[in-house]
Amino acid sequence: MKRITLMELAVLLTFSITGAQQAGEHALGSRKYDDYEKPEVCKSCHTRIYQQWRQAMMSQAYTHHWDEIEYFDLAVPHGEKVAMFKPVSDGCNGCHAPLAYLAGDVPPPRPEENSRANESVSCDLCHTITGIDGDPVNFNWISKPGQTKYGAKPGLKSPHHITKFNDVFTIAEYCGSCHNEQNPFGIYVKSTQMEWAEGPYSAEGVPCFVCHMPKAKGRSAPMAEEGMVAQHIFLGAHNEAKLKSAIEISIHPDEQEVPYDGVVSFQVELFNAKAGHKIPTGSVEDRILWLDVRAVDSEGKKYHLPVDKKGFDGEEYTIAADELAYKDMAVPLDLKNFKGVQRDGIPVGNRIFRMPYFDENGIMTIMQWNTRSLGVDYRIAPRETKLETFTWEMPDDIAFGNITVTARLNYQKLVKPVADFLNVPAEESEIILMNEASTTFKVYD
Ligand code: HEC
Ligand code: HEC
Ligand code: HEC
Ligand code: HEC
Ligand code: HEC
């Protein structure tokens, strides 16, 4: 065996120390804004990619209205009041405004001041990542800005930069470095890459890129050769088309014909056909997915059907109720006697597919950094099918004839009572119909 000389040991040690300093929290203030090129520089050649990125959430991660509200109204003041949350609120920028974080410019200027923090997750940030420091979490990518741009294709030539293949651009961990997040209490408050890793798509070798950066024939720059080019569209929950039909839905009654004084029950099947992770994923503290079932009788009278209980632990959080929650917002907002706002804001009795996040008092929170525990995980895993039953004791005055029953699967990026309370623009809490299905049965005398 070769013996390591003292010199080599010293080099190795320095290497691992500087290595550790360059990733995650250790990278705060380790760079200058000027170390990174602006997206507009890349635009001159990679025009299409630039335009795609401009429209993607990636280029708005810092400037987007709801991010600005949560960061400046909740996270920053919370960090000022409770010392342990100061590094956490600085850390928001590690993923949302990484250039500002690397430059030590935290909190960065407000979006309206048009600083370089506004570049959000930029071209040069992503293309100067050379590795991930351990299991992917909390922006632990290693950034080496400079002449060399890294990517997934070997042997490319560019007049503007050195171009190098790096296999980190072919693995889901690359995305996971920002799409997994652990808070100061050790809770994984975001785990998109981990959900993917335990699901069928990782076993089949289908990483994030396949679905979020689909390839199309073309050239990435005027002087490039034609080939299959990765589209930088990053469609997600902010894109209705991406959401729609991600889950297949069907509904059927247990009987085609039912006496007017009878009981009828329906089964709804929900199949996560398209997502490589759970639905909802990512900002799970904000997002809800729910099933709304309604019947219309032959005289046009409408009925809302509540879901049957299954009886699992924590189920009460998966059925819409008239409850208050999110009381911990009182601390950063400086509110006295704040009782919270409505937990769900949707029709009582509807099934909700979600995972509740709890604060130290066991009350639901949307402040992921303040989460002490997670509740029941009732989301729909990749390729999982969830069955829900609706048993309906029809009212005595039900009209005879055909009854149509419709199941709607709705999605909301941010629970509406919270959005209204914090004055978040309406589009963040609009109800998006993901899918729907209908069935009929006949009521007889
Ligand atoms: C003067 C034109 C020009 C400019 C400006 C330019 N590039 Fe390129 N870039 C190219 C060409 C040409 C290629 C090779 C494309 C091919 O052959 O498919 C390329 C390839 C790439 C690749 C692919 C690497 C790989 O191996 O997969 C990346 C990543 C990249 N550029 C990033 C950037 C970034 C980031 C910027 C801005 C900081 C930028 N480029 C600016 C011309 C340019
Ligand atoms: C979130 C990180 C991220 C951002 C932001 C990003 N890219 Fe990429 N880019 C990637 C990854 C990952 C690939 C490789 C995808 C693959 O091959 O599946 C890639 C591929 C490329 C390629 C090679 C395309 C091909 O297939 O020939 C070019 C060129 C490129 N990016 C330029 C840019 C430019 C210019 C911007 C900004 C306008 C940008 N990228 C923003 C992650 C990013
Ligand atoms: C430097 C951190 C970072 C990296 C690396 C990164 N992302 Fe993101 N990504 C973000 C942030 C922050 C957002 C949230 C933007 C917002 O809504 O504020 C986001 C948003 C998204 C969205 C849009 C979600 C929506 O709600 O519409 C998708 C899809 C996505 N990322 C996929 C990927 C994929 C695939 C990769 C790997 C190629 C990747 N990301 C790498 C930070 C990152
Ligand atoms: C098999 C295809 C597929 C794969 C693989 C996949 N996704 Fe997705 N992703 C989707 C679909 C479809 C949606 C839209 C439904 C939804 O929002 O969950 C989505 C949504 C998202 C969103 C938005 C979620 C939200 O609520 O804002 C993010 C972020 C995201 N994906 C990141 C990733 C990352 C990171 C990976 C890899 C670890 C990945 N995806 C792998 C298909 C995929
Ligand atoms: C480890 C990376 C990471 C850290 C740290 C992080 N975020 Fe995020 N954040 C993301 C990603 C990725 C998404 C997109 C997930 C999705 O689409 O569901 C996101 C989404 C969000 C959203 C929802 C955006 C929308 O449009 O629905 C808000 C608001 C937000 N983050 C604020 C914050 C604040 C405030 C902090 C600090 C307390 C923070 N984030 C820390 C990665 C991070």
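What you are looking at is a predicted structure, and each value in this text was computed from that prediction instead of being measured.

**Student:** So what about the sheet that holds strand β11 (residues 263-272)? Which residues, and what values?
**Tutor:** With antiparallel pairing, three strands are arranged side by side in an open sheet as β9-β11-β19. Edge positions in the sheet fall to β9 (247-253) and β19 (385-393), since each has one partner strand and no second. Across the sheet, the mean angle from the axis of one strand to that of its neighbour is 15°, orientation sign disregarded.

**Student:** Could you give an account of the packing of helix α4 (residues 65-81) against helix α5 (residues 86-96), with specific residues and numbers?
**Tutor:** Taken N-terminus to C-terminus, the directions of α4 and α5 make an angle of 155°; their axes are 7 Å apart at the nearest point. As the angle between them shows, α4 and α5 are arranged roughly antiparallel. As for the relative orientation of α4 and α5, their crossing is left-handed in sense. Across the interface between the two elements, D67, Y71, A75, V76, H78 and G79 of α4 pack against K86, V88, S89, C92 and H96 of α5. Residues that form the contact of α4 with α5 fall into these classes: five nonpolar, four polar and two charged.

**Student:** Can you break down the nonpolar core residue by residue, with the values?
**Tutor:** Core analysis: the biggest nonpolar cluster contains 58 residues, and I247, L289, W290, L291, V293, Y326 and V418 have the highest contact counts within it. If you tally residues by element for this core, the top one is strand β12 (residues 288-296), at six residues. Mapped onto the domain boundaries, this core takes at least three residues apiece from domain 1 (6-230) and domain 2 (240-444). When neighbours within four sequence positions are excluded, V293 is seen to be in contact with F266, L305, F390, V405 and A407. If you look at the next biggest cluster of nonpolar residues, it comprises 36 residues, including C95, A103, C123 and C178.

**Student:** Tell me about α5, and name the residues and values.
**Tutor:** Given 3.6 residues to a turn, an α-helix orients residues that are three or four positions apart in the same direction. In terms of burial, α5 is largely enclosed, as eight of its 11 residues are buried. For α5, the complete set of buried residues consists of S89, D90, G91, C92, N93, G94, C95 and H96. On its buried face, α5 sits against α4, α6 (98-103) and α8 (172-179).

**Student:** Now, about α4: what can you tell me, with residues and values included?
**Tutor:** For α4, with 17 residues, the first-to-last C-alpha span of 23 Å sits near the 24 Å given by 1.5 Å per residue. The principal kink in α4, of about 35°, is found at Y71. When α4 is considered as a whole, its buried residues turn out to be E70, Y71, L74, A75, H78 and G79. Those residues of α4 that are buried lie in contact with α5 and α13 (330-333).

**Student:** Go over the domain arrangement of the protein, please, and point to the residues and values.
**Tutor:** Here the domain parsing of the protein yields domain 1 (6-230) and domain 2 (240-444). Once you take the C-alpha centre of each, domain 1 and domain 2 turn out to be 34 Å apart. Sorting the residues of the side of domain 1 that touches domain 2 by element identifies α4, β6 (188-191), α9 (192-197), α10 (200-203) and α11 (208-212) as the ones contributing at least two each. Looking at the side of domain 1 that touches domain 2, its residues break down into 17 nonpolar, six polar and four charged.

**Student:** Which residues make up the site of ligand 2, and what values do they have?
**Tutor:** Surveying the vicinity of ligand 2 reveals 21 residues, the closest of which are C42, C123, C126, A152 and F209. Broken down by secondary-structure element, the contributors of at least two residues to the shell around ligand 2 are α2 (39-43), α3 (47-55), α7 (123-126) and β8 (227-230). Element by element, the count of residues in the shell around ligand 2 is highest for α3, at three residues. For the shell around ligand 2, the class distribution of residues is 15 nonpolar, five polar and one charged.

**Student:** Lay out the confidence of the model for the protein with the relevant residues and their values.
**Tutor:** Summing up the model confidence of the protein, the mean pLDDT is 95 and the portion of residues at 70 or higher is 95%. Below a pLDDT of 50 lies the segment residues 6-20, which in the model reaches four contacts outside its immediate sequence neighbourhood of four places, other chains included.

**Student:** Break down unusual backbone geometry for me, with residues and values.
**Tutor:** Backbone geometry follows two general trends: most residues other than glycine have a negative phi, and most peptide bonds adopt the trans configuration. Between V106 and P107 the backbone carries a cis peptide bond, its omega angle lying at -10°. In this fold, P107 is placed in the loop between α6 and α7. With an omega of -5°, the peptide bond between I279 and P280 qualifies as cis. As for its placement among the helices and strands, P280 is situated in the loop between β11 and β12. The backbone phi angle of N114 is positive, close to 60°, even though this residue is not glycine. Turning to its location among the elements, N114 is positioned in the loop between α6 and α7.

**Student:** Give me the lowdown on the pairing of strand β13 (residues 302-305), citing residues and values where you can.
**Tutor:** In terms of strand pairing, β12 meets β13 through four bridges, oriented antiparallel. Directly across from A295, in β13, lies its bridge partner Y303. Counting the residues that bridge the hairpin from β12 to β13 gives five residues, and of these G300 lies at a positive phi of roughly 85°.

**Student:** Explain the site of ligand 1 residue by residue, including any values.
**Tutor:** Near ligand 1 you find 25 residues, and of these C42, C45, G151, S158 and A224 are the closest. For the shell around ligand 1, the secondary structure elements donating two or more residues are α2, α7, β3 (148-151) and β4 (162-165). The class makeup of the residues in the shell around ligand 1 is 11 nonpolar, nine polar and five charged.

**Student:** Quick one: what's the story with the environment of I398, residue by residue and with numbers?
**Tutor:** The residue I398 is located in the loop between β19 and β20 (401-412) in this model. Ignoring any residue separated from it by four or fewer positions in sequence, one finds I398 in contact with Y260, D297 and V443.

**Student:** Would you mind going over the environment of A407 in detail, with residue names and values included?
**Tutor:** Looking at the element boundaries, A407 is found in strand β20. For A407, a count of 24 C-beta atoms within 10 Å gives the class buried. Residues A407 and S250 lie 157 residues apart in sequence; the distance between their C-alpha atoms is 8.0 Å. Residues in contact with A407, not counting those within four places in the same chain, are I249, I251, V268, L291, V293, E436 and A437.

**Student:** Tell me about the environment of K86, residues and numbers included.
**Tutor:** Here K86 shows up in helix α5. Residues K86 and V76 lie 10 residues apart in sequence; the distance between their C-alpha atoms is 7.4 Å.

Conventions and cut-offs
Residues numbered from 1 in each chain as written. Chains lettered and ligands numbered in written order. Predicted model: local features only at pLDDT ≥ 70, side-chain atom pairs only at ≥ 80, totals over all residues. Pairing = 2+ DSSP bridges. Helix = DSSP H or I, 4+ residues; strand = E, 2+ residues; numbered from the N terminus. Axes fitted to C-alpha atoms, helices over the stretch in contact; angles between N-to-C directions. Parallel < 35°, antiparallel > 145°, perpendicular 65-115°, else oblique. Left-handed = near helix turned anticlockwise from the far one by under 90°. Contact = placed C-beta atoms within 7 Å. Nonpolar A, V, L, I, M, F, W, Y, C, P; charged D, E, K, R; others polar. Core = buried A, V, L, I, M, F, W, Y, C linked by C-beta atoms within 7 Å. Buried ≥ 20, exposed ≤ 12 C-beta atoms within 10 Å, placed from the backbone. Domains from an automatic or database assignment. Expected span 1.5 Å × (residues − 1). Bend = angle between axes of the 7 residues up to and from the residue. Near = placed C-beta within 6 Å. pLDDT = per-residue confidence, 0-100.

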